[in-house]
Amino acid sequence: MGNSAVKRAFKFRFYPDDAQATELSKTFGCVRKVYNLALAARAEARDSRQRVEYAQTSAMLTAWKRSPELAYLNEVSCVPLQQALRHLQRAFVAFRDGRSRHPRFKSKRKSRTSAEYTRSAFRFRDGRLTLAKMARALPIVWSRPLPPGAVPTTVTVSRDPAGRWFVSLLFEDDPDPFPRSAQAVGIDAGLTALVTLSTGEKITNPKFERRDRARLARVQRALARKEKGSRNRAKARTRVARVHARIADRRRDHLHKLTTRLVRENQTLVIEDLAVRNMQQNPRLARAISDAAWRELRSMLEYKTAWYGRELITIDRWHPSSMCGALTRDVPLNIRVWTCADCGTEHDRDENAAINLLAAGLAVSACGAGVGPRRASATPGRRAMKQESPSVRAGRLPLREGDEAKQPNVGVSNAALPSAMPADTLRTSSQQ
């Protein structure tokens, strides 16, 4: 069997009939209304120096349903409404812990429309899912098998801006780990090549947004010409959403195939801790960085390595991974390939970075066994951009007098380093 049970969501598309679509649309509207009412009540309580939690908002919901102006809340299942209050409570907890920003009101047009059902509000038998307040099962397209014999703990129904309906079933699953492998790989993310591996392989960046940029511009111009509030504007908005959905679907499919392959083939994967949000502040590269979806790539690697018994090591972003050790000065970013003046070896910047990341990751892995993600400690008080100073692939840089005290403590003993990588080849590294 695999690791300890994990929660896995299986998402499928379905095509509701008119009655089901009307019932779900009404439920979405009620969920949004309850969420906004509870958020407003919390804001008023805060202004009067009081504190409102989930229990108080749940009591408010009962009073709202009894009022004449909100009597329509009784027409839908009460479970999605209660779940909306729980989601709001979790949002405030995350805000207090500094993990997210303050919760905001949900917009009818801009917010994601969804409703969550717990086990008391749906029936799942023989591959048929029936929600509360509905007489017929949802016509779901089962595009992949579900865990055998498992029953979903929650069901989330949603509709995206393109008008497509989806249902997500959450299961307690125990995935079987992949067979152990002796392979390890360093992964350097980029824009020309989406990822460069320490093996020398480069995965080309598909640039899905750039491919559909002309089509997206055309439908956006058409949307801008439509009168606000008209039906034609609503139709044009849907056409824009369909182009965005096409781009996102193709990007996500490509990342899933790539990450699954990397996790299946390698026991240890080493990546760099990039601050993608800060890097997107560069106006010239923001669009390309968003299209590359580095954060989504990392997220997929994190949970897939945890599922399938692999080890993911994250190296500090300040590790100088890109340069050859024989260099005594920084090389501009526009120079991607150069020939070493000392040894005559031709170096590829991205491939060299992947090799150096792998070397640093193996040093971290040698400090302790285990699977799952390992994270290097970050250096505080510095700009969150990728370090591009000389590293030591070809050897250690000569030190001037007094430089020894300035070398960072790598936290790895000589005995713990892999035999193929001498201890003095690292200028900086990281530990768990």
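The shown structure was predicted, so the numbers you read here are calculated from the model rather than taken from an experiment.

Draft legend 1. Geometry of the overall build of the chain. Of regular secondary structure, the chain possesses 10 helices and 15 strands. Partitioning the contacts of the chain with sequence separation of at least 6, the portion at a separation of at least 24 is 76%. On the chain, roughly 23900 Å² of surface is accessible, and the fraction owed to carbon and sulfur atoms is 49%.

Draft legend 2. Structural detail: the confidence of the model for the chain. Confidence in the prediction for the chain averages 82 pLDDT; 77% of positions are at 70 or higher. Across residues 377-385, confidence stays below pLDDT 50; counting only partners more than four residues off in sequence or on other chains, it has 17 contacts. Scored below 50 in pLDDT, residues 387-432 makes 100 contacts in the model with residues more than four places away or belonging to other chains.

Draft legend 3. Up close: the pairing of strand β3 (residues 122-125). The side-chain alternation of β3 yields one buried face, formed by Phe 122 and Phe 124, and one unburied face, formed by Arg 123 and Arg 125. Where β3 lies against strand β4 (residues 128-131), 4 bridges are found, and the strand directions are antiparallel. Of the residues in β4, the one forming a bridge with Phe 124 is Leu 129.

Draft legend 4. Structural view of the nonpolar core. With 39 residues, the main nonpolar core has Leu 24, Leu 129, Leu 131, Val 157 and Val 167 as its most contacted residues. Not counting residues up to four positions away in its chain, the partners in contact with Leu 131 are Leu 24, Tyr 117, Ala 121, Phe 122, Leu 138, Val 155 and Val 157. Counting residues in each nonpolar core, the second largest holds 27 residues, with Phe 178, Ile 187, Leu 274 and Trp 294 among its members.

Draft legend 5. Local environment of the packing of aromatic side chains. Going through the model one piece at a time under the given rule, you end up with 8 aromatic pairs. Each ring, one from Phe 12 and one from Trp 142, has its centre 5.0 Å from the other, and the planes form 65°; the classification is edge-to-face. Residue Phe 12 is located in strand β1 (residues 6-14), and its partner Trp 142 is located in the loop between β5 (140-141) and β6 (154-159); the two are separated by 130 residues in the primary sequence. Seen from their ring centres, Tyr 303 and Trp 307 are 4.8 Å apart, and the 55° between their planes marks the pair as tilted. Here Tyr 303 and its partner Trp 307 are both found in helix α9 (residues 294-307), 4 residues apart, which amounts to about one turn of the helix.

Draft legend 6. Quick look at the sheet that holds strand β7 (residues 165-173). Read from one edge of the open sheet, 5 strands run β2-β6-β7-β1-β5, paired in antiparallel fashion. The two strands at the open ends of the sheet, each matched to only one other strand, are β2 (113-118) and β5.

Draft legend 7. Examining the packing of helix α1 (residues 18-47) against helix α3 (residues 78-96) more closely. The N-to-C vectors of α1 and α3 enclose an angle of 45°; their axes lie 9 Å apart at closest approach. Overall, the two elements α1 and α3 adopt an arrangement that is oblique. The handedness of the crossing between α1 and α3 comes out as right-handed. Residues Thr 27, Cys 30, Val 31, Val 34, Tyr 35, Ala 38, Leu 39 and Arg 42 of α1 pack against Pro 80, Leu 81, Ala 84, Leu 85, Leu 88, Gln 89, Ala 91, Phe 92 and Arg 96 of α3.

Draft legend 8. Spotlight on the pattern of salt bridges. Counted by the stated rule, this structure contains 20 salt bridges. Put simply, Asp 249 and Arg 164 hold a salt bridge, and the shortest N to O gap is 2.8 Å. In this pair, Asp 249 sits in helix α6 (residues 231-265) while Arg 164 sits in the loop between β6 and β7, placing the two residues 85 residues apart along the sequence. Overall, the relative accessible area of 17% leaves Arg 164 in the buried class. We note a salt bridge from Glu 265 to Arg 261, for which the minimum N-O separation is 3.5 Å. Taken as a pair, Glu 265 and Arg 261 lie in helix α6 at a separation of 4 residues, close to a single helical turn.

Draft legend 9. Representation of helix α10 (residues 349-365) within the structure. Spanning 17 residues, α10 covers 24 Å between terminal C-alpha atoms, matching the ideal 24 Å at 1.5 Å per step. In terms of burial, α10 is largely enclosed, as 14 of its 17 residues are buried.

Draft legend 10. Quick peek at unusual backbone geometry. Phi angles above zero are rare outside glycine, and Arg 49 is one such case at about 60°. By the element assignment, Arg 49 lies in the loop between α1 and α2 (54-66).

Draft legend 11. The arrangement of a positive patch on the surface in detail. Taken together, the side chains of Arg 215, Arg 218, Arg 221 and Arg 225 define a basic patch exposed on the protein surface. Along the chain, the position of Arg 225 falls in helix α5 (residues 213-225).

Draft legend 12. Here's a closer look at the environment of Pro 177. Its location among the elements puts Pro 177 in the loop between β7 and β8 (184-189). For the pair Pro 177 and Trp 307, spaced 130 residues apart in the sequence, the C-alpha separation amounts to 6.8 Å.

Draft legend 13. Highlighting α5. For α5, built from 13 residues, the straight-helix expectation of 18 Å at 1.5 Å per residue is met to within 8% by its first-to-last C-alpha distance of 19 Å. Of the residues making up α5, those classed as buried are Leu 216, Val 219, Ala 222 and Leu 223. One face of α5 carries all of its buried residues, which in axial projection span an arc of 125°. The outward face of α5, more than 90 degrees from its buried face, is lined by the exposed residues Ala 214, Ala 224 and Arg 225.

Each value, and the rule that gives it
Residues numbered from 1 in each chain as written. Predicted model: local features only at pLDDT ≥ 70, side-chain atom pairs only at ≥ 80, totals over all residues. Heavy atoms only, no water. Helix = DSSP H or I, 4+ residues; strand = E, 2+ residues; numbered from the N terminus. Contact = heavy atoms within 4.5 Å. Areas by Shrake-Rupley, 256 points an atom, 1.4 Å probe, with all protein chains shown as cover. pLDDT = per-residue confidence, 0-100. Buried < 20%, exposed > 50% of the residue type's maximum accessible area, 1.4 Å probe, protein only. Pairing = 2+ DSSP bridges. Core = buried A, V, L, I, M, F, W, Y, C linked by side-chain atoms within 4.5 Å. Phe/Tyr/Trp six-rings, centres within 6.5 Å; stacked < 30°, edge-to-face > 60°. Axes fitted to C-alpha atoms, helices over the stretch in contact; angles between N-to-C directions. Parallel < 35°, antiparallel > 145°, perpendicular 65-115°, else oblique. Left-handed = near helix turned anticlockwise from the far one by under 90°. Salt bridge = Lys/Arg side-chain N within 4 Å of Asp/Glu carboxyl O. Expected span 1.5 Å × (residues − 1). Patch = residues over 30% accessible without salt bridge, like charges linked within 9 Å, V, L, I, M, F, W, Y side chains within 5 Å. Lys, Arg positive; Asp, Glu negative; His and termini not counted. Charge placed at Lys NZ, Arg CZ, Asp CG, Glu CD. Arc of directions from axis to C-beta.

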